Amino acid sequence: MTERLDWSDPTVREWDCTVVWSDAADPEAGIVLDRSAFYPGGGGQPPDHGVLLWEGVRTRIVDTRKGDEQYLIPAPGDPVPAAGTTVRGAIDDDRRTSLMRTHSGLHILCGTVFRDFGALVTGGNMQPGEARMDFNLPEVPPGFKLALEDAVNAEITADRKIVARVLPRAEALEIPTLVRTQDALPPLDHPEIRVIDIVGLDVQADGGTHVASTAQVGRVEVVKVESKGRQNRRVRIRIAD
């Protein structure tokens, strides 16, 4: 299995590694590395982009296909390093950092809405610097948009630590807020569950990359609150620089 550097240290942007599998005849089959900091995508967070540098050649990585391994997908027409090749991986720092801030911002939003309104998440999506999250929230009070923005930014100003932990499954399942998405279940086939803890605000299962504290998110702007059916409210946010 590929060693997950994105989990052990989400600040890694460059590293040395070895290609353990590739197929030059079928580039879209992907490239497997022994060590990788590329986040493969999941939980609403898109996959990282970046490059592999080898023997004076540059291979752009534009996607990841998940299967029994993480298969990095090269840009069309780029060369594919053979198995056994030593390469240097590099992540697009601006994209990754923006996604980390955005993902942590969504967790702050989720924790705030759950604390103040008891509402579960019904869907979500993110791109660098902007995102939306849907909540089972049939009614919202007057001034909801501004009050929510103020409450979220208060948690950012509080500079709460954001800690990633991998817990034995039985221990993780004792956390009452482990799954905040309505009708979702914890991973059923893993003996361990990765948990993101915004200390004092939010604890839930999550496989994404995050900043180290809420203050690193920056200011969150609640751009719009929309009705999506009788029960659901969609909250759109933007991360201000």
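An unreviewed UniProt entry lists the chain under the name Misacylated tRNA(Ala) deacylase, with Actinoplanes xinjiangensis given as the organism. Check the Cofactor (unreviewed entry) section of the UniProt entry for the chain; it says "Zn(2+)".

**Concerning the overall build of the chain**
When you go through the chain residue by residue, the secondary structure sums to 4 helices and 15 strands. The C-alpha radius of gyration of the chain comes to 19 Å, within 12% of the 18 Å expected for a compact globule of 241 residues. Dimensions of the chain, computed from the C-alpha atoms along their principal axes, are close to 60 × 40 × 35 Å. Counting over 241 residues, the chain shows a buried share of 49%. If you take every contact in the chain between residues at least 6 apart in sequence, the share linking residues at least 24 apart comes to 65%. Here the chain has roughly 11,500 Å² of accessible surface; of this, 51% comes from carbon and sulfur atoms. Placing the 28 positive and 37 negative side-chain charges of the chain at their respective mean positions leaves the two points 6 Å apart.

**Structural notes on the sheet that holds strand S2 (residues 14–21)**
The 6 strands lie next to each other as S3-S2-S8-S5-S6-S7, forming an open sheet whose pairing is antiparallel. For this open sheet the edge positions go to strand S3 (32–33) and strand S7 (70–74), each flanked by a neighbour on one side alone. Relative to strand S8 (residues 86–91), S2 is paired through 5 bridges, and the arrangement is antiparallel. Across the sheet, the residue bridging to glutamate 14 is alanine 90, located in S8.

**Quick notes on unusual backbone geometry**
Of note, the phi angle at glutamate 55 is positive, near 50 degrees, even though the residue is not glycine. Assessed through its relative accessible area of 68%, glutamate 55 is described here as exposed. The backbone of aspartate 159 shows a phi angle near 55 degrees, a positive value even though the residue is not glycine. Summarising the element assignment, aspartate 159 is placed in the loop between helix H3 (144–157) and strand S11 (162–168).

**Some words on H3**
Taking 1.5 Å per residue as the helical rise, H3 with its 14 residues ought to reach 20 Å, and the 20 Å between its terminal C-alpha atoms agrees with that figure. Where H3 is concerned, the buried positions are Phe144, Leu148, Glu149, Ala151, Val152, Asn153, Glu155 and Ile156. Buried residues in H3 make contact with helix H2 (93–117), strand S14 (220–227) and strand S15 (232–239).

**With respect to the environment of glycine 89**
With respect to the helices, strands and loops of the structure, glycine 89 is situated in strand S8. Of the residues examined, glycine 89 reaches a relative accessible area of 0% and is grouped as buried. As a C-alpha pair, glycine 89 and arginine 35 span 54 residues in sequence and 9.2 Å in three-dimensional space. Excluding its chain neighbours within four sequence positions, the residues that come into contact with glycine 89 are Arg13, Glu14, Trp15, Cys17, Val51 and Leu52.

**Points about the packing of aromatic side chains**
A complete count under the given rule lists 3 aromatic pairs for this structure. With centroids separated by 5.6 Å and ring planes inclined at 75 degrees, the aromatic side chains of tryptophan 15 and phenylalanine 38 adopt a geometry described as edge-to-face. Note that tryptophan 15 is positioned in strand S2 and phenylalanine 38 in the loop between strand S4 (35–36) and strand S5 (50–54), a separation of 23 residues in sequence. Assessed through its relative accessible area of 3%, tryptophan 15 is described here as buried. The class of phenylalanine 38 is buried, set by a relative accessible area of 0%. An angle of 90 degrees between the planes, with centres 5.8 Å apart, marks the rings of tryptophan 21 and tyrosine 71 as edge-to-face. With tryptophan 21 in strand S2 and tyrosine 71 in strand S7, the pair connects residues that are 50 residues apart, well separated along the chain. Judged by relative accessible area, which is 36%, tryptophan 21 ranks as partly exposed. For tyrosine 71, a relative accessible area of 10% corresponds to the buried category.

Criteria and thresholds
- Sequence positions are assigned chain by chain, starting from 1 and proceeding in written order.
- Given that the model is predicted, a residue must reach a pLDDT of at least 70 before its local features are reported, and side-chain atom pairs must reach 80 or more before they are shown or counted; all residues, however, enter totals for whole chains, interfaces and linings.
- Side-chain calculation: all heavy atoms of the structure are included, whereas hydrogens and water are not.
- UniProt positions are given in the numbering used here, feature names are shortened, and annotations may be inferred rather than shown by experiment.
- Working definition: helices are DSSP H or I runs of at least four residues, strands are E runs of at least two. Numbering for both runs from the N terminus.
- Here the globule rule is a power law, 2.2 Å times the number of residues to the power 0.38, and the radius of gyration is based on C-alpha atoms.
- Partly exposed residues are those whose accessible area sits between 20% and 50% of the maximum for their type, while under 20% is buried and over 50% is exposed, using a 1.4 Å probe and protein chains only.
- Residues count as neighbours in contact if any of their non-hydrogen atoms are within 4.5 Å of one another.
- Note on areas: Shrake-Rupley, 1.4 Å probe, and residue coverage restricted to the protein chains presented here.
- Charged residues are defined here as Lys and Arg on the positive side and Asp and Glu on the negative side; His and the ends of the chain fall outside this count.
- Positions of charges follow a simple convention, taking NZ of Lys, CZ of Arg, CG of Asp or CD of Glu.
- When DSSP finds at least two bridges between two strands, those strands are taken to pair.
- To estimate how far a helix should reach, multiply one less than its number of residues by 1.5 Å.
- Each Phe, Tyr or Trp ring (for Trp, its six-membered ring) is paired with any other whose centre lies within 6.5 Å, and the angle between the two planes then decides the class: stacked below 30 degrees, edge-to-face above 60, tilted in between.

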